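Here's the letter readout for the chains.
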Amino acid sequence: MVPAEEHRSPDGSLHFAVIPMTDGDVAIGFREFGWHTHADTLASILNLPKPQAVRSYVDDVLNDRAVIAMQYIDGELRDIWISKDPAGDLKYCHPNERVDFRYWSGAILGP
């Protein structure tokens, strides 16, 4: 069983959550935004049991080992996700769209 977790970034701008679901799976993502992943997906990718896969993923985010993408459309924050490919995330941006990259600590991923 994976327990619920709630984390606020040091600057207070991000709210990362681990949410157990009634079907036994677990959703992991940023509160108030659509992107999320699941424990069963992480377990499959990392070849670990669900609890260890979730722990590893959360630890990577909270310890600045994961890049966080923040999508703005017309200046409004629309989505936040963990990016595996920042350059690829920028490839199809529209003229009114911007994607910024940072770490949990608030450090900016520079060009």
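Keep in mind the model is a prediction, meaning the values are calculated, not measured. (Residues numbered from 1 in each chain as written. Predicted model: local features only at pLDDT ≥ 70, side-chain atom pairs only at ≥ 80, totals over all residues. Heavy atoms only, no water.)

**Student:** Looking at this model, I keep getting lost on the pairing of strand 5 (residues 67–73). Mind explaining?
**Tutor:** Both faces of the sheet carry side chains from a regular strand, because those side chains alternate between them. Burial analysis of strand 5 places seven of its seven residues in the buried class, the great majority of the element. The two faces of strand 5 match: V67, A69, Q71 and I73 on one face and I68, M70 and Y72 on the other face are all buried. Where strand 5 lies against strand 6 (residues 76–83), seven bridges are found, and the strand directions are antiparallel. By the bridge assignment, A69 is partnered in strand 6 with W81. Hairpin remark: strand 5 followed by strand 6, antiparallel, with two residues in the connecting loop; positive phi at D74, about 50 degrees. Bridge analysis of strand 5 against strand 7 (residues 97–102) gives six bridges, and the strand direction is antiparallel. Note on strand 7: the bridge partner recorded for M70 is D100. (Buried < 20%, exposed > 50% of the residue type's maximum accessible area, 1.4 Å probe, protein only. Helix = DSSP H or I, 4+ residues; strand = E, 2+ residues; numbered from the N terminus. Pairing = 2+ DSSP bridges.)

**Student:** Got a minute to help me understand helix 2 (residues 50–62) in this structure?
**Tutor:** Since the α-helix advances by 3.6 residues per turn, residues separated by three or four positions end up pointing in the same direction. If you check helix 2, its first and last C-alpha atoms are 18 Å apart, about what 13 residues at 1.5 Å a residue would give, namely 18 Å. Within helix 2, burial applies to A53, V54, Y57, V58 and V61. For helix 2, the arc enclosing every buried residue in end-on projection is 125 degrees, short of the 170-degree limit, so these residues lie on one face. Positioned one or two residues after helix 2, D64 has a phi angle of 60 degrees, which is positive. (Expected span 1.5 Å × (residues − 1). Arc of directions from axis to C-beta.)

**Student:** Would you take a moment to explain the packing of aromatic side chains for this structure?
**Tutor:** Aromatic rings considered in pairs are described by the distance between their centres and by the relative angle of their planes. All told, the structure shown has three aromatic pairs when counted by the stated rule. Taken together through their ring pairs, the aromatic side chains of F16, F30, W35 and W104 make up a single cluster. Sitting above the plane of the Y72 ring, R98 keeps its charged end 4.1 Å from the centroid. (Phe/Tyr/Trp six-rings, centres within 6.5 Å; stacked < 30°, edge-to-face > 60°. Lys NZ or Arg CZ within 6 Å of the ring centre and 35° of its normal.)

**Student:** How do you make sense of the sheet that holds strand 4 (residues 36–38) when you look at a structure like this?
**Tutor:** Two modes of strand pairing occur in sheets, parallel and antiparallel, and in both the strands are linked by backbone hydrogen bonds. The strand order across the open sheet built from four strands is 1-2-3-4, with neighbouring strands paired in antiparallel fashion. If you trace the sheet from one side to the other, it starts and ends with strand 1 (5–8) and strand 4, each paired once. On average, adjacent strands in this sheet sit at an angle of 10 degrees to one another, irrespective of strand direction. As paired strands, strand 1 and strand 2 (residues 15–20) are joined by four bridges and run antiparallel to one another. Bridging across to strand 2, E6 finds its partner in A17. Along the sheet face, helix 1 (residues 39–46) touches strand 3 (26–30) and strand 4 and points at about 70 degrees away from the line of strand 4. Of the strands in this sheet, strand 1, strand 2, strand 3 and strand 4 touch helix 2, which is tilted by about 175 degrees from strand 2. (Axes fitted to C-alpha atoms, helices over the stretch in contact; angles between N-to-C directions. Contact = heavy atoms within 4.5 Å.)

**Student:** Where do I start with the pattern of salt bridges in this structure?
**Tutor:** For side chains bearing opposite charge, pairing can occur when the charged atoms are close. Counting across every chain of the model gives seven salt bridges. Salt-bridge contacts for R55 lead to D59; the nearest nitrogen and oxygen are separated by 3.0 Å. With a gap of four residues between them, R55 and D59 both fall in helix 2, about one helical turn apart. When its relative accessible area of 34% is taken as the criterion, R55 is described as partly exposed. (Salt bridge = Lys/Arg side-chain N within 4 Å of Asp/Glu carboxyl O.)

Just distances and angles here, no functional claims.
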